[in-house]
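# Observations on chain architecture
Given next are the chains, with one letter for each unit.
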Amino acid sequence: MVILPPGSTIGILGSGQLGRMLAIAAAQLGYRTHIYAPETGPANDVSPLMTRARYDDAGALAAFARSVDVVTYEFENVAFAPIAALSPIAPVRPPALSLATAQDRVSEKSFVEGLGGRAAPWREITSLADLDAAIAAIGCPAILKTSRFGYDGRGQARIDMPSESEAAWESIGHAPAILEGFIDFEHEFSIVLVRGLDGEITSYAPPLNVHRDGILATSTVPAPPPVASQWTEAATLAGRVADALEHVGVLCLEFFVTENGPLFNEMAPRVHNSGHWTIEGAVTSQFENHIRAICGLPLGDTGLVGTNVEMENLIGDDAARWPDILTDRAAHLHLYGKHEVRPGRKMGHVTRVRR
Ligand code: AMP
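Below is a short write-up of the structure. Please read all numbers here as calculations on a predicted model, not as lab measurements. (Residues numbered from 1 in each chain as written. Predicted model: local features only at pLDDT ≥ 70, side-chain atom pairs only at ≥ 80, totals over all residues. Heavy atoms only, no water.)

## Topic: the sheet that holds strand β8 (residues 177-181)
Quick reminder of the rule: Two strands are said to pair when DSSP picks up at least two bridges between them. Starting at the N terminus, helices and strands are each numbered in turn, a helix being any DSSP run of H or I of at least four residues and a strand any DSSP run of E of at least two. Simply put, an axis is a line fit to the C-alpha atoms, just over the touching stretch for a helix, and the angle between two N-to-C directions goes from 0 to 180 degrees.
Pairing in this open sheet of four strands is antiparallel, and the strands run β5-β8-β6-β7 from one edge to the other. Among the strands making up the open sheet, the edge pair consists of β5 (122-125) and β7 (156-159). Neighbouring strand axes in the sheet, compared pairwise and without regard to direction, differ in orientation by 20° on average. Where β5 and β8 come together, four bridges link them in antiparallel fashion.

Here's what the structure looks like:
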């Protein structure tokens, strides 16, 4: 196993807030970071190197890979082929298989079901006829979700009656999709784990995740008993997924708590918003553990610091509350340095740790 020692350069695809927090963790461990993205973003404020190019520019990607010691990514909506082509030049971690599997709802659900996981009933949709047949099979309410490029509830349409199928199909632009049965879940939670280069896996306590308008609003640890009782089953499944992908780095699987046990919703082959609480709330943050994993270092302790941790996302105008948030001396404020405030845009987050 080749260890990348501090002083090495980590290439990060993406210039958003996840890249920013990865770069901060990397700097703390003595690594340099090089951001690759079509435009500058929050990560550039804290990273000395930048390649500004499209994600499908094979030449620019190859030059980038030659200038770094390892390539990682902060989001999964990048084309698979140009990234997979980098691995002979520099190791890509998490591996391209994780990227390919997680960036498509059909492949991620099939993969997880193939390993014994359960999901809401779903069907692949490539036409209006598929959609009508799926509605007849699954029933209403149901949710139509684009297979790719969806995030924070975008690319989704709820269908309450079969007559709404055409409008829903129109609203997602006839993109390849899945239809999923609507789950009357009790709670949502996630398993955030990290798998090292040597295959060691360690995971964080699962947060209770509350979404508003399809966007994560809060993550709270420890989660209440209904989540705790489904933790082991979900974490075991997540570990199987990580092993099967030969994943290296952080991996997040999201679940619904139902009477019949945890139902898998989706996964992210990267650090995740529901793991932001770990920066102050765990001994080693998800960001540091991701850096440790991709550099072949031993993983850090994922244990909880204190008795209760809550992370609240600051979305859109919420960020204007920063002076008030700072009057709470226990609040850890994170602002991502985004200049333009837009409704639904993640501007920062705040974490409160109760000792
Ligand atoms: P997703 O992009 O799949 O994570 O969906 C965003 C959010 O929409 C989820 O976190 C849930 O709160 C909600 N949601 C997604 N799928 C379903 C479903 N099948 N049934 C009920 N709510 C859902």
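## Regarding the site of the ligand
Going by this rule: Any residue with a heavy atom positioned within 4 Å of a molecule or strand is treated as near that molecule or strand. Counted as a polar contact is a pair of N or O atoms within 3.5 Å, where, for protein atoms, one must be capable of donating a hydrogen and the other of accepting one, and residues adjacent in sequence contribute only when both atoms are in side chains. Any residue that is not Ala, Val, Leu, Ile, Met, Phe, Trp, Tyr, Cys, Pro, Asp, Glu, Lys or Arg is counted as polar, Gly included; the first ten are nonpolar and the last four charged.
Taken together, 15 residues sit near the ligand, with K145, Q156, E180, E188 and E266 positioned nearest. In this structure, an oxygen atom belonging to the ligand sits 3.1 Å away from a side-chain N or O atom of N265. When residues of the shell around the ligand are traced back to their parent elements, those giving at least two are β6 (142-146), β8 and β14 (261-268). Looking at side-chain class alone, the shell around the ligand contains five nonpolar, five polar and five charged residues.

## Some words on the nonpolar core
Buried together is how nonpolar side chains tend to be arranged in soluble globular proteins. Selection rule: The nonpolar core is taken to be a set of buried Ala, Val, Leu, Ile, Met, Phe, Trp, Tyr and Cys residues, with the residues joined through side-chain atoms within 4.5 Å. Each residue's exposure class comes from its accessible area (1.4 Å probe, protein chains only) as a fraction of the maximum for that residue type: buried when under 20%, exposed when over 50%, partly exposed otherwise. In what follows, residue pairs with any heavy atoms lying within 4.5 Å of each other are defined as contacts.
In terms of nonpolar packing, the biggest core is built from 54 residues, with I10, L13, Y36, V71, I291 and C295 touching the most fellow members. Tallying contributions element by element places helix α1 (residues 17-28) first for this core, with five residues. If we skip the residues at most four places from it in the chain, L13 touches Y36, Y55, L61, F64, V71, T72, Y73, E74, F75 and I83. In this structure, A234, L237, A242 and V257 belong to the second largest nonpolar core, which totals 20 residues.

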